[in-house]
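Summary of structural features
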Amino acid sequence: MQTAPAYTPVAARQTLQRPFMPAQPQKQAWPPAVRGYVGRAFDPESMIPGIEGPIVAERLRDVITKAAEARQLDTIDWSTYPLPQVLIKAEREQAAFHGGAIPVPANLYSLLPPPNVQAWAGQLNKRKNDEVETTLEEEDAITPPWKKKNKGNLEDRMSGKSKAQEKKQKKIILLHANGFGADSDVLAKRKQRFGMTTPEPSPYLSSRDDSPEPAGPLVGTCQTIEKSYFRLTAPPSPEVVRPFAVLEKALNHIRRKWREEHNYNFACDQLKSMRQDLTVQHIQNELTVKVYECHARIALEMKDLGEYNQCQTQLRTLYKMNLGGNPEEFIAYRILYIIYTCNRTDMNNVLADLTSADKQKPGVKHALQVRSALASGNYHRFFRLYLSAPFMGGYLLDMIIQRERLAAMAAMCRAYKPDVSLNYLAEELAFSSDDEGPEDPDATQRQCLEFLCLHGGEPFVERKEHGTVRFQTGKAMAVFEGARAAAFRGVDIKGQI
Amino acid sequence: MSDSIWTDFATAQAREDGYLLATTISPSRPPSDPARLYNYLRWTNAGSVQTDLRYKLQYNPDLHLDKKESSNWLEVFTAYYHFTARLLSAEEAQNTSQRAREADWNGVYESWKDVLNAVYRGYTSDVFDAWTIPCLYVVAKYMRIFAIKADESATAAAQREQRDTGMAFGLQDEDGFNTSSNSKNEKLEDAARHINRIFALCLGDRSPLEDSRKWALYYIANLLFKTYFRLNSVPLSKNILRSLSAQAAGELPPLSRFPKAHQVTFKYYSGVIAFLSEDYAAAEEHLESAYKMCLHSSNDSAAQTATATATTRNRDLILTYLIPTKLLTSHRLPTPTLLSQSPHLTSLFAPITSAIKHADLRAFTAALESGEDEFVKRRIYLTLERGRDILLRNLFRKVFIAGGFEAAAKEGEAPARRTRVPVWEFAAALQMRGAEVGDGEGGVDGDEVECLVANAIYKNFMKGYIARDRGIVVLSKAGAFPGTGV
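Identification of chain B as Protein CSN12 homolog from Recurvomyces mirabilis is taken from an unreviewed UniProt entry. Heading Sequence similarities (unreviewed entry) of the UniProt record for chain B holds this comment: "Belongs to the CSN12 family."

For chain A, an unreviewed UniProt entry supplies the name PCI domain-containing protein and the organism Recurvomyces mirabilis.

1. A look at the overall build of chain B
Along its length, chain B carries 21 helices and 5 strands. Here chain B holds 486 residues, and the buried ones make up 54% of them.

2. Concerning the pattern of salt bridges
When their charged atoms lie close together, side chains carrying opposite charge are able to pair. All names here are of chain B. The tally for this structure, following the rule as stated, stands at 38 salt bridges over all chains. In this structure, the salt-bridge partner of aspartate 389 is lysine 459, at a minimum N-O distance of 3.3 Å. With a gap of 70 residues between them, aspartate 389 in helix H19 (residues 387-402) and lysine 459 in the loop between helix H21 (446-458) and strand E4 (464-467) connect regions that are remote in the sequence. Residue aspartate 389 is classed as buried on the basis of its relative accessible area, which comes to 14%. Given a relative accessible area of 29%, lysine 459 falls into the partly exposed group. Two residues, aspartate 447 and arginine 468, come together in a salt bridge whose shortest N-O distance is 3.1 Å.

3. Thoughts on the side chain of aspartate 445 of chain B
Residue placement: aspartate 445 of chain B occurs in the loop between helix H20 (423-432) and H21. Among buried Asp, Glu, Lys and Arg side chains, aspartate 445 of chain B stands out as unpaired, with arginine 384 of chain A the closest opposite charge at 6.2 Å. At a separation of 2.6 Å, a polar atom in the side chain of aspartate 445 of chain B contacts the side chain of histidine 380 of chain A. Among residues more than four places away in sequence, those in contact with aspartate 445 of chain B are His380 of chain A together with Val437, Gly438 and Asp439 of chain B.

4. Digging into the packing of helix H10 (residues 235-245) of chain B against helix H11 (residues 260-276) of chain B
All names here are of chain B. For the pair H10 and H11, the least separation of the axes is 11 Å and the interaxial angle reads 120°. Classified by the angle between their axes, H10 and H11 sit oblique to one another. When the axes of H10 and H11 are compared, the crossing they make is left-handed. Residues Ser237, Lys238, Leu241 and Leu244 of H10 form the contact with H11, whose own contacting residues are Phe266, Ser270 and Ile273.

5. Points about unusual backbone geometry
Trans peptide bonds make up most of the peptide bonds, and negative phi angles are found at most residues other than glycine. Here the amide bond leading from lysine 417 of chain A into proline 418 of chain A is cis, since omega sits at -10°, within 30 degrees of zero. Of note in the backbone geometry, asparagine 232 of chain B takes a positive phi value of approximately 65° without being a glycine. Relative to the assigned elements, asparagine 232 of chain B resides in the loop between helix H9 (217-230) and H10.

6. Focus on the state of the cysteines
A covalent bond bridging the sulfur atoms of two cysteines is what the word disulfide describes. All names here are of chain A. On inspection of all chains with the given rule, the structure shows 0 disulfides over all chains. Left without a disulfide partner, cysteine 453 is nearest to the cysteine sulfur of cysteine 448, which lies 9.3 Å away. According to the relative accessible area criterion, cysteine 453 is partly exposed, its value standing at 28%.

7. Digging into the sheet that holds strand E3 (residues 469-471) of chain A
Pairing is antiparallel across the open sheet formed by 3 strands, whose spatial order is E1-E3-E2 (chain A). Looking at strand neighbours, the two that pair on one side only are strand E1 (420-421) and strand E2 (461-463) of chain A, the edges of this open sheet.

8. Section: the nonpolar core
Counting residues in each nonpolar core, the largest one holds 240 residues, and the members touching the most others are Trp73 and Phe77 of chain B. Counting residues per element, this core draws most heavily on helix H7 (residues 134-159) of chain B, at 13 residues. Ranked by size, the runner-up nonpolar core spans 16 residues in total, among them Val34, Ala41, Leu73 and Leu87 of chain A.

9. Observations regarding the pairing of E4 of chain B
All names here are of chain B. Pairing of E4 with strand E5 (residues 472-475), which is carried by 4 bridges, proceeds in the antiparallel orientation. By the bridge assignment for E5, isoleucine 466 is matched with valine 473. Hairpin geometry of E4 and E5 is characterised by an intervening segment of 4 residues between the two adjacent antiparallel strands and by a positive phi of about 70° at glycine 471.

10. Here's the deal with the environment of glycine 363 of chain A
All names here are of chain A. As for its position among the elements, glycine 363 is in helix H17 (residues 362-375). For the pair glycine 363 and glycine 393, spaced 30 residues apart in sequence, the C-alpha to C-alpha distance is 8.8 Å. Dropping the residues within four chain positions of it, glycine 363 is found in contact with Glu328, Ala332, Pro390 and Phe391.

11. Describing the interface of chain B and chain A
Tallying the contact residues gives 34 residues for chain B and 31 residues for chain A. Overall, the association of chain B and chain A removes approximately 3,000 Å² of surface from exposure, summing both partners, and the carbon and sulfur fraction of that is 48%. In terms of surface lost to chain A, no three residues of chain B exceed Leu382, Tyr458 and Arg468 of chain B, which account for 22% of the buried area on that side. Here chain B is connected to chain A by 5 salt bridges.

12. Description of the sheet that holds E4 of chain B
Residues and elements named next belong to chain B. Strand order in this open sheet of 3 strands is E3-E5-E4, and the pairing throughout is antiparallel. At either end of the open sheet lies a strand with only one pairing partner, and these are strand E3 (420-422) and E4. Strand-to-strand twist across the sheet, computed as the mean angle between neighbouring axes with direction ignored, equals 25°. Two elements, E3 and E5, share 3 bridges in a ladder whose sense is antiparallel. By the bridge assignment, valine 421 is partnered in E5 with valine 473. Each of E3 and E5 touches H20; the most contacted strand, E3, lies at about 55° to it.

13. Description of H20 of chain B
Residues and elements named next belong to chain B. Considered for burial, the residues of H20 that qualify are Val423, Glu425, Phe426, Ala427, Ala429 and Leu430. The inward-facing, buried residues of H20 abut helix H16 (361-370), H19, E3, H21 and E5. Glycine 434, located one to two residues past H20, shows a positive phi value of around 85°.

Scoring rules and cut-offs
- Residues numbered from 1 in each chain as written.
- Chains lettered and ligands numbered in written order.
- Predicted model: local features only at pLDDT ≥ 70, side-chain atom pairs only at ≥ 80, totals over all residues.
- Heavy atoms only, no water.
- UniProt positions renumbered as here; feature names shortened; annotations may be inferred.
- Helix = DSSP H or I, 4+ residues; strand = E, 2+ residues; numbered from the N terminus.
- Buried < 20%, exposed > 50% of the residue type's maximum accessible area, 1.4 Å probe, protein only.
- Salt bridge = Lys/Arg side-chain N within 4 Å of Asp/Glu carboxyl O.
- Lys, Arg positive; Asp, Glu negative; His and termini not counted.
- Polar contact = N/O pair within 3.5 Å; in protein donor to acceptor, adjacent residues only side chain to side chain.
- Contact = heavy atoms within 4.5 Å.
- Axes fitted to C-alpha atoms, helices over the stretch in contact; angles between N-to-C directions.
- Parallel < 35°, antiparallel > 145°, perpendicular 65-115°, else oblique.
- Left-handed = near helix turned anticlockwise from the far one by under 90°.
- Disulfide = S-S within 2.5 Å.
- Pairing = 2+ DSSP bridges.
- Core = buried A, V, L, I, M, F, W, Y, C linked by side-chain atoms within 4.5 Å.
- Buried area = accessible area lost by both parts, 1.4 Å probe.

What follows is the structure, given as structure tokens:
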């Protein structure tokens, strides 16, 4: 999907501290209990053969971050909390057990799929996005921390079920799981009852519990507004992904910065990382549409058609889901874009997709008129339409104006004899001097002359006595026919499907 | 009795009759024995199907199959048995309106895939002879049909829409492009892969030609085209064409040696593929030969009404692309007689043809607009649109002729047509026929009129030049409108 060749590497976080946690003013001061736990984890005596240090460290960081986010650093009994290597070992055993020993159900829990998990799994299949392949382990990573307190709870955690489902599934689990698991369930329940969870649950947790899909995709916890794009090669961890609320702020921030600084590299990079965060969290709503529209417009303005095309492809899907946005504008762009790429198959498809209501909208109508004018070679009408393009269609038409001018020149050179006035050519080919203040016929003629000379028309320009300039069309035929053919040869865009 | 299946099987094996053999593993019932599938299902049960089949295939005195062959057929018929169970229960559900939604077409599709695989293995292990290739036709053909069915029921499950087709696996608009963008084609894409496997299986056969699976190539290729068209991935068809044309002379029998049905269909698809890639010369050639063959065979078999309607349908399909092609290549319009043969063609092309003929731009625009949905669906809109050039040619020609003759310069010479035509005369004609050349203020945009004339000259519809400063168009004295006798 988002196969942009631009790699923007960012340094992986190496420390235990979470640099961006405004909600954690005490981030530097880990409680002594936690430090003790870390010490135990790295104690040579507690090492388990086969589980290397780095893995342990990573897992350790995971455990503590989770606890910190849930503000449970103080509530967890760190002296008895299972060490990371123990967790890993148990997980591996579990995996081996499920992988081989049980003959019929490869995964015990596939027998009792909680409804939400099932829905989520379906969603996963549909999307086929290998960047987002959130595994069960991934879901594991977002399990509320209190479940980690008890070793016996491990099994539940591994199943990737949330608290809500856990309740629903409790009875069945009691039947299926070993006695150990059952005990732990009771324990966990009791702990919750006695307020082991903080009275004010962190926003992340509460949002998870309230959301209709508790077992849904990853929900980020990163609070930074700005984030560079980095092409994922593995499932991202929540702390580097920004949740919805942060992304909303980020979009406004980027828009403001774009208006102020007009730095495309920055904007493109930021928007790509936003698109990635949206994708990995499966967020498809108005914000998604806004982000893609914003990126598409900026890319158009900067003539970055590769990025533009990516956004456009996504927008098509999003508009089908009726999430708002500006379909009219982007259908128009799409038509103009296909005109640019000269892709007849796509044009057929886009025409087939249009409803009669679409066709009535002014933006779409304009784009269709452009298409029809070009199809019949009516350059006169095309250049009028070029001057009246709504929205940002002008940027797309700029991409084809040069080659259409050459096409028009080829036709005119063939048809007009012996010559025409430069003035007529300048007007017909829609050269305009609007960047240089009010209409200045000299300036437009100069532009037109430049254009003619650039394509080898210089020998055919003739200055008459009265100061008028004529162009000898009859003689320039071959030159402009060649230029036209060259201009239409090969339209190549990166990222074009 | 379930015997018809076995007598047919034995007869087919004895006579080496591939088509008869294929009927024994087909999901469709032979007219002679409409209850065949039910009987086959009741003849045994899932537990003893293997044993029962072994008796029929290995210990049957009527059959002389070697051990490998019979065990392969055993596999095929076992898979076919499970498939039959699925199909019948799906059909039963389908025919009961309140349970229609429960029909498990996905299951039918998957179990048919097992049949396909079993047959496929028979060929990869070189156990099945080349004369049995109609079995490949059957497995491939129904693979596509059941895939469509499974996709449809998946879509319908979401839309809660259920059509009650008379036939259990009703054939829908087969050759159309699937334009509904929201329907999913997961199974059909899967089916395309499996049919492609069969294509590769036949293409890679190195046996001598008289005993080669290559005889199945065009049938399978046609099926692939059909599938790709429906999947809206026409470009994939080009791979098939390429691998067929990559076969050196002598490696592949000439197309003319294949069954006529394969030939016509192949020519048709080759033509449409060329049409879609704007290679109109090739399109014309392929479509024309398909049309001729089709016309020929309709004379042969006019007696059989069923074949006749199929032929009519095929002819209409070919003409749907041949008519726009001719319009472009040789600027020829279909005659009313040709169109009158089919109501479908009449409604499709009559309005636009008459508009072009009478140089009526208003009618042309209206015809293009009213037919737009169908034209776009058939992918002929962009081609028909170019009929406007011919229409304008006709209009300008009328202006030229209406200009009359100039007095002969010398006594006795034939009078010459007036070749200097003022631009405003063309403008008036365009205005009359509904061209939108107004300047928005009630006047005429002379530049646009010139542009239209310039285009006609550029595209070689008209010979001459525009003298802008004098406001006239100077037309060639001889053949001002090439190909029209003027």
